[in-house]
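# What the coordinates show
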Amino acid sequence: MEIPPSFAGGKSLGPTPPTGSLTVAPGLVLDARRAAWFSEAGVLAIADTHLGYAWAERRRGQLLPVPADDTAARLEQLLQTYPTQTVVMVGDCVHQAAAMPVLATVLREFCHRITVGGRRLVGVLGNHDRELPARVRDWSLPMEVVPAFSIPGFHFVHGDQPLLRPPAGARIVSGHEHPSLSLGDGVATRAKVPAFLLGDRSLLLPAFSLWAAGTVAGTATFLGPVASAGQYTRAIACLGPRLLSLPFPSPWRVTRVRPGHEKPGAEGTDPG
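Since the model is a prediction, treat every value here as computed from it, not as a measurement. (Residues numbered from 1 in each chain as written. Predicted model: local features only at pLDDT ≥ 70, side-chain atom pairs only at ≥ 80, totals over all residues. Heavy atoms only, no water.)

## Regarding the sheet that holds strand E6 (residues 120-124)
Where we set the bar: For two strands to be treated as a pair, DSSP must find at least two bridges joining them. Note on conventions: DSSP H or I runs of at least 4 residues are helices, E runs of at least 2 residues are strands, and numbering of each starts at the N terminus. Note on geometry: axes are lines fitted to C-alpha atoms, helical ones only across the stretch in contact, with angles between N-to-C directions running from 0 to 180 degrees. Contacts are assigned to residue pairs with any non-hydrogen atoms lying within 4.5 Å of each other.
Read from one edge to the other, the open sheet built from seven strands follows the order E1-E2-E3-E4-E5-E6-E7, with strand pairing classed as mixed. Each of the sheet's edge strands pairs with one partner strand only, and the pair in question is strand E1 (21-25) and strand E7 (144-146). Here the strands of the sheet are splayed against their neighbours by 25° on average, with no regard to which way each runs. One ladder, built from four bridges, connects E1 with strand E2 (residues 28-31); its direction is antiparallel. Of the residues in E2, the one forming a bridge with Thr23 is Val29. Packed on one face of the sheet, helix H2 (residues 71-81) meets E2, strand E3 (35-38), strand E4 (43-46) and strand E5 (86-90) and runs near 150° to E4.

Rendered as structure tokens:
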């Protein structure tokens, strides 16, 4: 497992590199904590945080328990590892951008913890974020919300909408699908784990939310047009604090499910 000894701009992680990180391309490091680090730009990217999930489901009548949300704490641990100037949330930042006082409290605390010291926070809009710009404005949150975001060599979109003129030659970084792998011993034991999917021009991020069930790669078609158009040749599974790199048949491609033909609850699916 290759682990980056240092990062651009003269900033080093020291003599002991972080356990569970893997350099997969120049300037691109994946972390087992479900994040991607873009060293040249000082960008840390995560996808599908679905902040306020339990409260949104309760609003819909699902009486879920509401445990303490550790999203900010887990992200802060990553920020202690990687010298980050900008955090990019690659869509579905919230589960539902409803005008709920409790969601205002959740988002305000999250944003202020992540932007401490002048760090930039960018939220790429996803299908769950339709009303997020209004909430950011009404609640004066220190977050930029954009339909897409680019740095040299990479273009970030959520993945629920078709791509519109991405920069030439850029690798497309997306979320939306909550990719996972089902791994087993070939006898009786199996486990589903979050995973990155990687291709020459594509990177699909696992959900950062611990509530996300995950779509098992290779057993179900993708829901969004971006992942459906991607060609993935490698999967990197998050096994606790470590990563496991596995090849896909080359090239591996899936076809989008037609709207209205999804099967929520079926094995290998996750409504996102």
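## Examining helix H3 (residues 101-114)
Note that an α-helix has 3.6 residues per turn; residues three or four places apart therefore point the same way. To be explicit about the condition: A helix is expected to span 1.5 Å for every residue after the first. Note on exposure labels: buried denotes an accessible area under 20% of the residue type's maximum, exposed denotes more than 50%, and partly exposed covers the range between, all computed with a 1.4 Å probe on protein chains only. Note that the arc is defined by the directions from the helix axis to the C-beta atoms.
The first and last C-alpha atoms of H3 sit 20 Å apart over 14 residues, in line with the 20 Å expected at 1.5 Å per residue. Among all positions in H3, only Leu103, Ala104, Val106, Leu107, Phe110, Cys111 and Ile114 are buried. Around the axis of H3, the buried residues are gathered within 165° of arc, so they sit on the same side. Buried residues along H3 sit in contact with H2, E5, E6 and helix H4 (132-138).

## A closer look at the confidence of the model for the protein
The test is simple: The predictor attaches a confidence to each residue, and that confidence, scored 0 to 100, is pLDDT.
Taken over all residues, the pLDDT of the protein has a mean of 81, while the share at 70 or more is 76%. Predicted confidence for residues 1-15 stays below pLDDT 50, and this span has 32 contacts to residues more than four positions away or in other chains. Contacts for the low-pLDDT stretch residues 249-271, under 50 throughout, to residues beyond four places or in other chains number 47 contacts.

## Thoughts on the pairing of E3
Of the two faces of E3, the one carrying Ala35 and Trp37 and the one carrying Ala36 and Phe38 are both buried. Relative to E3, E2 is paired through four bridges, and the arrangement is antiparallel. Opposite Asp31, over in E3, you have Ala35 as the bridge partner. Between E3 and E4, which pair antiparallel and follow one another directly, the connecting turn spans four residues, one of which, Gly42, has a positive phi of 65°.

## Comments concerning the side chain of Thr71
Inspection of the secondary structure assignment puts Thr71 in helix H2. Given the relative accessible area of 5%, Thr71 is considered buried. Beyond its immediate stretch of four places on either side in the chain, Thr71 contacts Thr49, Leu51, Phe110 and Phe208.

## Regarding the packing of aromatic side chains
Applicable threshold: Only Phe, Tyr and Trp rings are paired, with Trp represented by its six-membered ring, and only when their centres lie within 6.5 Å; those with planes under 30 degrees apart are stacked, over 60 edge-to-face, the remainder tilted.
Within the structure shown, the criterion is met by five aromatic pairs. Ring geometry for Phe38 against Phe154: centres 4.8 Å apart, planes inclined by 70°, an arrangement best described as edge-to-face. Highlighted residues: Phe38 in strand E3 and Phe154 in strand E9 (residues 154-156), separated in sequence by 116 residues. By relative accessible area, Phe38 is classed as buried at 1%. When its relative accessible area of 10% is taken as the criterion, Phe154 is described as buried.

## Quick look at the side chain of Thr49
With respect to the helices and strands, the residue Thr49 is situated in the loop between E4 and helix H1 (53-59). A residue is classified by how much of its surface remains accessible, and Thr49, at 4% relative accessible area, is buried. When sequence neighbours within four positions are dropped, the list of residues in contact with Thr49 reads Thr71, Met89, Gly91, Asp92, Cys93, Phe208 and Ser209.

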